[in-house]
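Per-entry structural report
Residues per chain are reported as follows:
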Amino acid sequence: IVPIVSMVVAAYHRPEQIVATIHSLLVQSLQDFEIIVVHDGPGPEVRRVVGRIDDARISFVETSHRMNDWGNSSKEHGSLLATGTYIGHSNDDNYYAPLYFEQMVGALEAEQAEFVYCNMVHSHRRYTPLVTNPTAGWIDGGGWL
């Protein structure tokens, strides 16, 4: 059975943060997904905490050495392992509202789109009001499918 969403999570030595990221994905209203955690280089402490989360939809892999490219190689590697109809990328410090997958997949299917993105709250710096007006800027690795 092919999952609807494959979420590739790039990780690097942040075991506490990745646990919160994974749990925010596990409570999604759309439950047909897989999570592929790809650690940038050997990551025994992250492997250990991810391994404690008992859910068959989660897999953990690590690169043989540190790439140090903001998770880009990890996301590429995870995308090659993905089996879902849609692929999303995240970093290990992002958190998702429970309707994230449902809303993103709904937009993809309603518009017959190949790509969707959204604003998101990037968690590791600070919580601030989310400004949604159109402005030039950048999109975080966790706000698209």
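Rules behind the numbers
Residues numbered from 1 in each chain as written. Predicted model: local features only at pLDDT ≥ 70, side-chain atom pairs only at ≥ 80, totals over all residues. Heavy atoms only, no water. Buried < 20%, exposed > 50% of the residue type's maximum accessible area, 1.4 Å probe, protein only. Helix = DSSP H or I, 4+ residues; strand = E, 2+ residues; numbered from the N terminus. Pairing = 2+ DSSP bridges. Polar contact = N/O pair within 3.5 Å; in protein donor to acceptor, adjacent residues only side chain to side chain. Salt bridge = Lys/Arg side-chain N within 4 Å of Asp/Glu carboxyl O. Core = buried A, V, L, I, M, F, W, Y, C linked by side-chain atoms within 4.5 Å.

**Here we look at the pairing of strand β1 (residues 5-11)**
Of all seven residues in β1, seven are buried, a share of seventy percent or more. Burial of the side chains of β1 extends over both faces: Val5, Met7, Val9 and Ala11 are buried on one face and Ser6, Val8 and Ala10 on the other. Two strands pair when backbone bridges link them, and β1 and strand β2 (residues 33-39) are joined in this way by seven bridges, in the parallel orientation. Of the residues in β2, the one forming a bridge with serine 6 is glutamate 34. Direction of pairing for β1 relative to strand β4 (residues 86-91): parallel, over a ladder of six bridges. Bridging from a neighbouring strand, valine 9 pairs with serine 90 of β4.

**Quick look at the side chain of asparagine 91**
With respect to the helices, strands and loops of the structure, asparagine 91 is situated in strand β4. Polar side-chain contacts of asparagine 91 include one of 2.8 Å to the side chain of lysine 75.

**Some words on the pattern of salt bridges**
Inspection of the entire model under this criterion finds five salt bridges. Linking aspartate 40 and arginine 66 is a salt bridge whose minimum nitrogen-to-oxygen distance equals 2.4 Å. Taken together, the residues span a long stretch of sequence, with aspartate 40 in the loop between β2 and α2 (44-51) and arginine 66 in the loop between β3 (58-62) and α3 (72-81) at a distance of 26 residues. Note on aspartate 40: relative accessible area 3%, which makes it buried. The class of arginine 66 is partly exposed, set by a relative accessible area of 34%.

**Topic: the pairing of β3**
When a strand is regular, its side chains alternate between the sheet's two faces. Relative to β3, β2 runs parallel, the two sharing five bridges. Across the sheet, residue valine 37 finds its bridge partner in β3, namely phenylalanine 60.

**Quick notes on the nonpolar core**
Counting 27 residues, the largest nonpolar core has Ile18, Ile22, Ile35, Val37, Val50 and Phe101 as its most contacted members. Secondary-structure elements contributing two or more residues to this core are β1, α1 (15-26), β2, α2, β3 and α4 (100-111). For this core, the leading source of residues is α4, giving five residues.

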